[in-house]
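Fold and contact review
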Amino acid sequence: MTIKPLIILPDPVLRQLSQQVETVDADIRRLADDMLETMYDAPGIGLAAIQIGVPRQMLVIDVSKEGEDKQPLVFINPKILTTSDELSVYEEGCLSIPDYYAEVERPATITVEYIDLEGKKLTAKADGLLATCLQHEIDHLNGVLFIDHISKLKREMVIRKFTKAAKTRGAKAI
Ligand code: K2U
Ligand code: ZN
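What comes next is a walk through the structure.

Criteria and thresholds
- Residues numbered from 1 in each chain as written.
- Chains lettered and ligands numbered in written order.
- Predicted model: local features only at pLDDT ≥ 70, side-chain atom pairs only at ≥ 80, totals over all residues.
- Heavy atoms only, no water.
- Donors = N, O, S within 2.8 Å, 3.2 Å for Na, K, Ca; no water.
- Tetrahedral: all angles 85-135°; square planar, octahedral: opposite > 155°, others 65-115°.
- Helix = DSSP H or I, 4+ residues; strand = E, 2+ residues; numbered from the N terminus.
- Buried < 20%, exposed > 50% of the residue type's maximum accessible area, 1.4 Å probe, protein only.
- Core = buried A, V, L, I, M, F, W, Y, C linked by side-chain atoms within 4.5 Å.
- Contact = heavy atoms within 4.5 Å.

Looking at the zinc ion (ligand 2), the protein donor atoms are Cys94 (SG), His136 (NE2) and His140 (NE2), and they sit 2.1 to 2.2 Å from it. Here the zinc ion (ligand 2) is ringed by four donor atoms whose angles at the metal span 88 to 133°, and the overall shape comes out tetrahedral. For the zinc ion (ligand 2), the single-chain donor residues occur in sequence as C-x41-H-x3-H. Here His136 and its partner His140 are both found in helix H2 (residues 128–141), four residues apart, which amounts to about one turn of the helix. For His140, a relative accessible area of 1% gives the class buried.

Next up, the structure:
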């Protein structure tokens, strides 16, 4: 297993559409391992494959609490089937937009169809933080970031800040 470098805003890779996974094989299982190791190292509670530069429809999540046994979840080709009318608000963050947090409103309960690491097609119902994290990660597979759900003014401020930081990093690298 390998910890992979994270793609950081404003890298245009984050805006790519991720392609469906055709076959759940050893390479996909290795990718899941690398994604989980990268997520735990960050640390985070979710990660989409595009965040390590792999445009495949795959995400990992672990919403277990500190001191609890880890509960890694892997979702391949996830598709949201239903969303509740009831909404919930969470303060979200993103490993690709470090140290920026904002409240985002999303459907409180969803059902998701996906393929697991054994290649089985499953359907799951999610609520609470798992529902929020699943929607956040599935957004990534469509090139959507959580800052796309906040005001235009705040989004433009965040993008300007990260664009300036990227230029400074580039300059220092010379
Ligand atoms: O996509 C990511 O970078 C994963 C986020 C997961 C997340 C989604 C929705 C709401 C909160 C987090 C990262 O884990 S960001 C780190 C983090 C962890 C716990 C709570 C807030 C932020
Ligand atoms: Zn994210």
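The next point concerns the nonpolar core. Counting 17 residues, the largest nonpolar core has Ile28, Met35, Leu47, Met58, Val60, Val74 and Ile76 as its most contacted members. Counting only elements with at least two residues in this core, the list comes to helix H1 (26–41), strand E2 (58–61) and strand E3 (73–83). The dominant element in this core, judged by the number of residues it contributes, is H1, at six residues. Among all residues touching Val74, those that are not within four sequence positions of it are Ala32, Leu36, Met58, Leu59, Val60, Tyr114, Ile115, Asp116 and Leu117.

Scope: geometric values only; no functional claims are made or implied.
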